[in-house]
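# Architecture and fold: a report
Below are the chains, spelled out letter by letter.
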Amino acid sequence: VNPKLLFNGFLVENYFCPEDLCEQHVLELLQKAERRIYFMTYSFTSDALGNEIIRNYHDGIDVQGIFDKSQAGSKYSEYHKMNEIGMDVLIEEYKGLLHHKVFIVDDAVVFGSYNPTKSGDDKNDENMLIIHDPSLASRFVKEFETLSITSNL
């Protein structure tokens, strides 16, 4: 089955974890970042993705992220190492969970049920879309900006 198709002129990629190696597809997209990486995540413990985001940050890419309060405190959360080096990462403080699983990389958006965690990649049944569409990316950026207002360092 081909997980990529053109829809309304935009590339859409559809993956299922664990069989489609979701983390690898996100990693490949992060490695191609040219302008920005914004993310909103419930649980984010993937060292591979966290390290690539930090590399992009050091290369001058605009990197910003929001973590769920209940998950950011975990000793395995990528929040700690990102925060320690001065990255613009926030903890969402609004009542309820920040249940997004979103990466905005330039004009592409990654979303679905996939959490960037070991279980999300190789144990759980998850789904993930990567849609390369500037208009959709701008809508997700607006959501990111809205959530940034309700979050704290």
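Before reading further, recall that the structure is shown in the block above.
Report follows, based on the coordinates. Position numbers for residues start from 1 in each chain and track the written sequence from start to end. Since the coordinates come from a predicted model, pLDDT governs what is reported: local features require at least 70, and pairs of side-chain atoms require 80 or more to be given and counted, while whole-chain, interface and lining totals use all residues. Just so you know, side-chain values use all the structure's heavy atoms and leave hydrogens and water out.

## Quick look at the packing of aromatic side chains
In this analysis, rings of Phe, Tyr and Trp, with Trp reduced to its six-membered ring, are considered paired at centre separations within 6.5 Å, and the interplanar angle assigns stacked below 30 degrees, edge-to-face beyond 60, and tilted for intermediate values. Enumeration over the complete set of coordinates arrives at eight aromatic pairs. Aromatic pair phenylalanine 67 and tyrosine 79: ring centres 5.4 Å apart, planes at 75 degrees, arrangement edge-to-face. Here the residue phenylalanine 67 occupies a position in strand 4 (residues 62-68), and tyrosine 79 occupies one in helix 4 (residues 79-84), the gap between them amounting to 12 residues. Just as phenylalanine 67 is buried, tyrosine 79 falls in that class too. Measuring from centroid to centroid gives 5.3 Å for phenylalanine 111 and phenylalanine 140, while their planes differ by 35 degrees, and the two rings are tilted. Here the residue phenylalanine 111 occupies a position in strand 7 (residues 108-112), and phenylalanine 140 occupies one in helix 6 (residues 134-149), the gap between them amounting to 29 residues. Judged by its relative accessible area of 15%, phenylalanine 140 is buried. Among the aromatic residues, those joined into a ring-pair cluster are Phe39, Phe44, Phe67, Tyr79 and Phe103. Positioned over the ring face of tyrosine 38 is arginine 36, at 5.9 Å from the centre of the ring. Helix and strand definitions follow DSSP, with helices as H or I runs of at least four residues and strands as E runs of at least two, each counted in order from the N terminus. Classification of residues uses two cut-offs on accessible area relative to the type maximum, computed with a 1.4 Å probe and protein chains only: under 20% is buried, over 50% is exposed, and between them is partly exposed. When the NZ atom of lysine or the CZ atom of arginine is within 6 Å of a ring's centre and also within 35 degrees of its normal, the charge is said to sit over that ring.

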